[in-house]
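# Structural overview for review
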Amino acid sequence: VHDLPPWERPQDDGGPLEPQPTGFVDLYTRQSRRVRLVGDRDGVIGIVLTYGDRVTPQDRQRLEPMSQWRYSEPQSKKFGRDTYMPSEHRSDRAFWRGLQSLLPLTDVGRGAGKAKKEHFRPAVLTWNDALRLNGHVDKGGLLKVHAVGQVYGTQSAVVDELIDDTLDLPVALLDASMHGLHQTVLTAVRDTADAVYALRSLARNVAAASGDGEPDGASERAGEALYAEVDDLFREWLRTLTAEAVEAEAKTPHALTADEPVTESLARWHRTLRPLVEQHRTRIVESAGPAAWTGRTVSGRHVDVGLAEVWFLAKLHDALPLARSPREEKT
């Protein structure tokens, strides 16, 4: 009865509405901006753009089903209670790099015996899983998740960037019982980040050995270049993780619900990623000049291309252990 759009409510007196929407209809039709048309006998000659009815973002996770929500320590201290804020998309990161906030394990306590949750995933994904459980969604299919966002500029008055990304998720990933599948994906995202870090470290050390005064710039460029090539490969690998495909690959019925990653599927990603990282390593090493091969003392230790490669390989082996060759395992 109280959840009404503005055109069905009694005419207001011009005062502000309560920042707490009364329901979905109120939220989706809330006039957060108002426009007054200015005209004369010939027509509209201008507009006046003003603020509208304010909506506060705190603790809307039970009302706004499209957003991810994160626990906010500063907001919790301010209000004296557990407070959640919408998670913002990052324009410098592909959607899949934040997969954790989309999976059922997101809605788990922040620690043993604690009731707090670090995140709430979008309610539309929980609803989709309910449809799957009732047989309305094919459990073996793919679900396209669409992320849209804006990056605001000066005083949040202008839009600097628009974010638009889609991700094909196997429906099985939304199943709360598929612990092994969740761990496979999350481990792959983490291991990819570790492999990129290994390459970034190599680029930084080679730049420092050559006398580059800003080695962090070389590190950032190397990481961005690698992620740009990894993007399509990871999305393609993710699409293959249907429950049936992973179970067939693992050849063990309990692999999907175990607490550990599915080794076979994760190893397939490690073996896909490692050659690409090695290609980028080769480019960095081959582009190093004579000064980098001679090396220099950086922060109290000698750094040259040879040492940088040794350190890189150690990090890469730790990041992608399932891609190691038998010879490397013996070593």
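Small disclaimer: the values here were computed from a predicted structure and weren't measured.

## Overview of the nonpolar core
In globular proteins that are soluble, nonpolar side chains generally tend to be buried together. Membership of the largest hydrophobic core comes to 60 residues, with the highest contact counts inside it found for Leu 99, Phe 234 and Leu 238. Those elements that place two or more of their residues in this core are strand S6 (142–152), strand S7 (159–170), helix H4 (179–209), helix H5 (215–239), helix H6 (243–250), helix H7 (263–286) and helix H9 (305–319). Take this core: its biggest share by element is 13 residues, from H4. Once residues lying within four places of it in the same chain are set aside, the contact partners of Leu 238 are Leu 99, Leu 167, Asp 168, Leu 169, Pro 170, Leu 173 and Val 185.

## Description of the confidence of the model for the protein chain
For the protein chain, the mean per-residue pLDDT works out to 87, and 92% of the residues sit at or above 70. Low pLDDT (under 50) marks residues 108–113, which in the prediction has 10 contacts with non-local residues, meaning those over four places away or in another chain.

## Thoughts on H4
Spanning 31 residues, H4 covers 44 Å between terminal C-alpha atoms, matching the ideal 45 Å at 1.5 Å per step. Judged by how many residues are buried, H4 sits mostly within the fold: 23 of 31 residues are covered. Of the residues trailing H4, Gly 211 is marked for its positive phi of about 95°.

## Section: the side chain of Arg 274
Position of Arg 274 among the secondary structure elements: in helix H7. According to the relative accessible area criterion, Arg 274 is buried, its value standing at 10%. Engagement of the side chain of Arg 274 in a polar contact is seen with the side chain of His 317, the distance being 3.4 Å.

## Comments concerning the pairing of S6
The pairing of S6 with S7 spans 11 bridges and is classified as antiparallel. Bridge pairing links His 146 to Thr 166 in S7.

## Section: the pattern of salt bridges
Summed over the entire model, instances satisfying the criterion amount to 19 salt bridges. Of the charged contacts in the structure, one is a salt bridge between Asp 59 and Arg 81, with a shortest N-O distance of 2.3 Å. Note that Asp 59 is positioned in the loop between strand S2 (43–51) and strand S3 (69–71) and Arg 81 in the loop between helix H2 (73–79) and strand S4 (84–86), a separation of 22 residues in sequence. Put simply, Arg 235 and Asp 165 hold a salt bridge, and the shortest N to O gap is 3.1 Å. Pair noted here: Arg 235 is in helix H5 and Asp 165 is in strand S7, with a separation of 70 residues, a long-range link. Each member of the pair, Arg 235 as well as Asp 165, is classed as buried. Each of Arg 274, Glu 278, Arg 281 and Glu 309 takes part in a single network of salt bridges with overlapping partners.

What counts and how
- Residues numbered from 1 in each chain as written.
- Predicted model: local features only at pLDDT ≥ 70, side-chain atom pairs only at ≥ 80, totals over all residues.
- Heavy atoms only, no water.
- Core = buried A, V, L, I, M, F, W, Y, C linked by side-chain atoms within 4.5 Å.
- Buried < 20%, exposed > 50% of the residue type's maximum accessible area, 1.4 Å probe, protein only.
- Helix = DSSP H or I, 4+ residues; strand = E, 2+ residues; numbered from the N terminus.
- Contact = heavy atoms within 4.5 Å.
- pLDDT = per-residue confidence, 0-100.
- Expected span 1.5 Å × (residues − 1).
- Polar contact = N/O pair within 3.5 Å; in protein donor to acceptor, adjacent residues only side chain to side chain.
- Pairing = 2+ DSSP bridges.
- Salt bridge = Lys/Arg side-chain N within 4 Å of Asp/Glu carboxyl O.

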